[in-house]
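These are the residues of each chain, in order.
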Amino acid sequence: MPCFTNYTLPELEKWFVDNGMKKFRARQVWEWFYLHGADSYDKMSNLPKKTQEFLSENLPLTQSFVDEIKIAGDDSEKRLVKLSKDNEFVESVWIPMGSHATVCVSTQVGCPIKCSFCASGVDGLERNLTVGEIVEQVWHCSTAHTRRGIKNLVFMGMGEPFLNYDNLIKAIKILNDENGLKIGSRRMTISTVGIVKRIVDFGNDVPQSNLAVSLHATTDELRKKLIPGCPSSINALLSALSEYYRTTHRKITYEYVLLKGINDSLGHAAELAKIIKKVPSKINLIEYNKVDFNDYESPDKKTTDNFSNFLIKKGIDVAVRRKKGDDINAACGQLRRKVRN
Ligand code: SAH
């Protein structure tokens, strides 16, 4: 059966007409759902009763629901979202920042990349999320927080967004819609381990969004250990990023999780400086969020400061990202793993 959240507004207008309804009804439903957060057709008071009944039977509004919300000491909220199709779970996180918030969503159930420090890929990939399952994660947050607008949307939850490319792009279109949630492309960031073909496609398809690249290592050898499922070499990645930059003129954000004794020496920082100077960019040094199945640790504050200062002296734009939501298992895939076990 089709589901409302899988479709763009023009597609829904066509579906409504094909099913004997007036075209403008599609926009009415769209606004009820995305602007007013109506979660059932009988709340849409300007629809005729017969239309409400037909839609209830033939076009379910949603395909997921919030199963559990965990609120951290720093007020970030992690939602465990249950997918109606197969009772699988995905996670999304709401991170308040003053009067606004950043929302972080998943694009796959599980993940095929299997980064050695990340909980999402431990059991591999279960499946791609549908368009609507991506969109609904944002909708669940926005209906719960009607007075606090979503400022930024980051695709940094479970999964590798560029391995679910078509659904990702369509979800972005729906989330962008002027008559709906209206989240501008400039306020969205997609994080990838580096699927080179898709980096280039993305620059053409959504040139106004932001691209983040999980680098984590300065040699292919170490990168293969930390990010085993990444198909591309650092060189291939850099040429795709140059092409991306030529198309979009947008700086790339590199992500680099600091792991004690693995990638945190000044030698690593020197190599890193050479790599990230090749394409206009900035770098986020990410504090490792401890998970229970490996022995990685964060370097001490002095090592982190030395690493960061070295890059700053090289003229690189650096930010150190402290973890948020530590007490609610906010790192990718941790909560789902806990529930499954
Ligand atoms: N697959 C994509 C997007 C999801 S992860 C990617 O890898 O970019 C978003 C970021 O969180 C990535 O940089 C990832 O490496 C990082 N991450 C995953 N587990 C982490 C952990 N336990 N501690 C700190 N960062 C983590």
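Model, not experiment: these values are computed from the prediction.

Colleague: Whenever I open this one, the overall build of the chain confuses me. Can you help?
Modeller: In terms of helices and strands, the chain carries eleven helices and twelve strands. The C-alpha atoms of the chain give 21 Å as radius of gyration, which agrees with the globular expectation for 341 residues (20 Å, within 12%). Seen along its three principal axes, the alpha-carbon backbone of the chain occupies a region of about 70 × 45 × 35 Å. Taking all 341 residues of the chain together, the buried fraction comes to 55%. The long-range share in the chain, meaning contacts at least 24 apart out of those at least 6 apart in sequence, stands at 66%. Surface exposure of the chain reaches about 15200 Å², of which carbon and sulfur atoms provide 49%. In the chain, the 49 positive side-chain charges and the 41 negative ones have mean positions that sit 5 Å from each other.

Colleague: What exactly am I supposed to notice about helix H1 (residues 9-18) here?
Modeller: Every buried residue belonging to H1 is among Leu9, Leu12, Glu13, Trp15 and Phe16, and all of these are buried. All buried residues of H1 project into a common sector of 165° when viewed along the axis, lining one side. Turned more than 90 degrees from where H1 packs its buried face, Pro10, Lys14 and Asp18 sit exposed. Looking at the buried positions of H1, the neighbouring elements they touch are helix H2 (24-34) and helix H3 (49-58). Downstream of H1 by one or two residues, Gly20 has phi in the positive range, about 80°.

Colleague: Please explain the site of the ligand as it appears in this structure.
Modeller: Taken together, 19 residues sit near the ligand, with Gly159, Ser191, Ser214, His216 and Asn289 positioned nearest. Gly159 has a polar backbone atom sitting 3.0 Å from a nitrogen atom of the ligand. In this structure, His216 approaches the ligand through a side-chain N or O atom, which is 2.7 Å from an oxygen atom. Protein chains shield 93% of the accessible area of the ligand, which is 530 Å² for the free molecule. If you list the elements that add at least two residues to the shell around the ligand, you get strand S8 (188-192), strand S10 (252-258) and strand S11 (281-287). Considering only residue class, the shell around the ligand consists of nine nonpolar, seven polar and three charged.

Colleague: What's the story with the packing of aromatic side chains in this structure? I'm lost.
Modeller: Centre-to-centre distance and the angle between the planes together describe a pair of aromatic rings. Under the defined criterion, the tally for this structure stands at twelve aromatic pairs. Taking 5.8 Å as the distance between ring centres and 65° as the angle between the ring planes, the aromatic pair formed by Trp15 and Phe16 counts as edge-to-face. Each member of the pair, Trp15 together with Phe16, is buried. Plain terms: the ring middles of Phe162 and Tyr165 are 5.8 Å apart, the flat faces sit at 65° to each other, and that makes the pair edge-to-face.

Colleague: What should I look at first to understand the domain arrangement of the chain in this one?
Modeller: In many analyses, interface size is given as the accessible surface area lost on bringing the parts together. Split into domains, the chain comes out as domain 1 (4-58) and domain 2 (64-340). If you average the C-alpha positions of domain 1 and of domain 2, the two centres end up 33 Å apart. Contact residues are listed per partner, giving 15 residues for domain 1 and 14 residues for domain 2. Together, the buried faces of domain 1 and domain 2 total about 1200 Å²; carbon and sulfur atoms form 60% of this surface.

Colleague: Looking at this structure, how should I read the side chain of Ser232?
Modeller: Its location among the elements puts Ser232 in the loop between helix H7 (220-226) and helix H8 (234-248). Using a relative accessible area of 13% as the deciding quantity, one classes Ser232 as buried. Within the structure, Ser232 has its side chain in polar contact with the backbone oxygen of Gly194 (distance 2.4 Å). Once you skip the residues sitting within four places of it in the chain, Ser232 turns out to touch Gly194, Val196 and Arg223.

Colleague: Would you mind going over the pairing of strand S3 (residues 89-97) with me for this structure?
Modeller: A regular strand carries its side chains on alternate faces of the sheet. Within S3, eight of the nine residues are buried, leaving the element largely enclosed by the surrounding structure. Between strand S2 (residues 77-83) and S3, which pair antiparallel one after the other, the connecting turn spans five residues, and Asn87 there sits at a positive phi close to 60°. With five bridges connecting them, S3 and strand S4 (residues 100-104) associate as antiparallel partners. Looking at S4, one finds that Trp94 is bridged to Val103. The hairpin formed by S3 and S4 contains two residues between the paired strands, and Gly98 there has a positive phi angle of roughly 65°.

Colleague: I would appreciate a short explanation of the state of the cysteines in the present structure.
Modeller: By definition, a disulfide is the covalent link that joins the sulfur atoms of two cysteine residues. Scanning all chains against the criterion turns up zero disulfides. Free cysteine Cys111: the closest other cysteine sulfur is in Cys115, separated by 6.5 Å. Here Cys141 is not disulfide-linked; the sulfur of Cys104 is the nearest cysteine sulfur, at 9.7 Å.

Colleague: Would you mind going over the sheet that holds strand S1 (residues 64-71) with me for this structure?
Modeller: Strand pairs in the sheet, formed through backbone hydrogen bonds, run parallel or antiparallel to each other. The sheet built from ten strands is open, its strands ordered S1-S2-S3-S4-S7-S8-S9-S10-S11-S12 with mixed pairing. Looking along the sheet, the strands with just one partner apiece sit at the ends: S1 and strand S12 (317-321). Neighbour-to-neighbour, the strand axes of the sheet open up by a mean angle of 25°, direction not taken into account. Looking at chain direction, S10 and S11 are connected through seven bridges and run parallel. Along S11, the bridge assignment pairs Tyr254 with Ile283. Packed onto the sheet, helix H4 (residues 131-144) meets S1, S2, S3, S4 and strand S7 (150-155) and runs at close to 135° relative to S2. Contacting S7 and S8, helix H5 (residues 165-176) runs over the sheet at an angle of about 165° to S8.

Rules behind the numbers
- Residues numbered from 1 in each chain as written.
- Predicted model: local features only at pLDDT ≥ 70, side-chain atom pairs only at ≥ 80, totals over all residues.
- Heavy atoms only, no water.
- Helix = DSSP H or I, 4+ residues; strand = E, 2+ residues; numbered from the N terminus.
- Rg over C-alpha atoms; globule rule 2.2 N^0.38 Å.
- Buried < 20%, exposed > 50% of the residue type's maximum accessible area, 1.4 Å probe, protein only.
- Contact = heavy atoms within 4.5 Å.
- Areas by Shrake-Rupley, 256 points an atom, 1.4 Å probe, with all protein chains shown as cover.
- Lys, Arg positive; Asp, Glu negative; His and termini not counted.
- Charge placed at Lys NZ, Arg CZ, Asp CG, Glu CD.
- Arc of directions from axis to C-beta.
- Near = heavy atom within 4 Å.
- Polar contact = N/O pair within 3.5 Å; in protein donor to acceptor, adjacent residues only side chain to side chain.
- Nonpolar A, V, L, I, M, F, W, Y, C, P; charged D, E, K, R; others polar.
- Phe/Tyr/Trp six-rings, centres within 6.5 Å; stacked < 30°, edge-to-face > 60°.
- Domains from an automatic or database assignment.
- Buried area = accessible area lost by both parts, 1.4 Å probe.
- Pairing = 2+ DSSP bridges.
- Disulfide = S-S within 2.5 Å.
- Axes fitted to C-alpha atoms, helices over the stretch in contact; angles between N-to-C directions.

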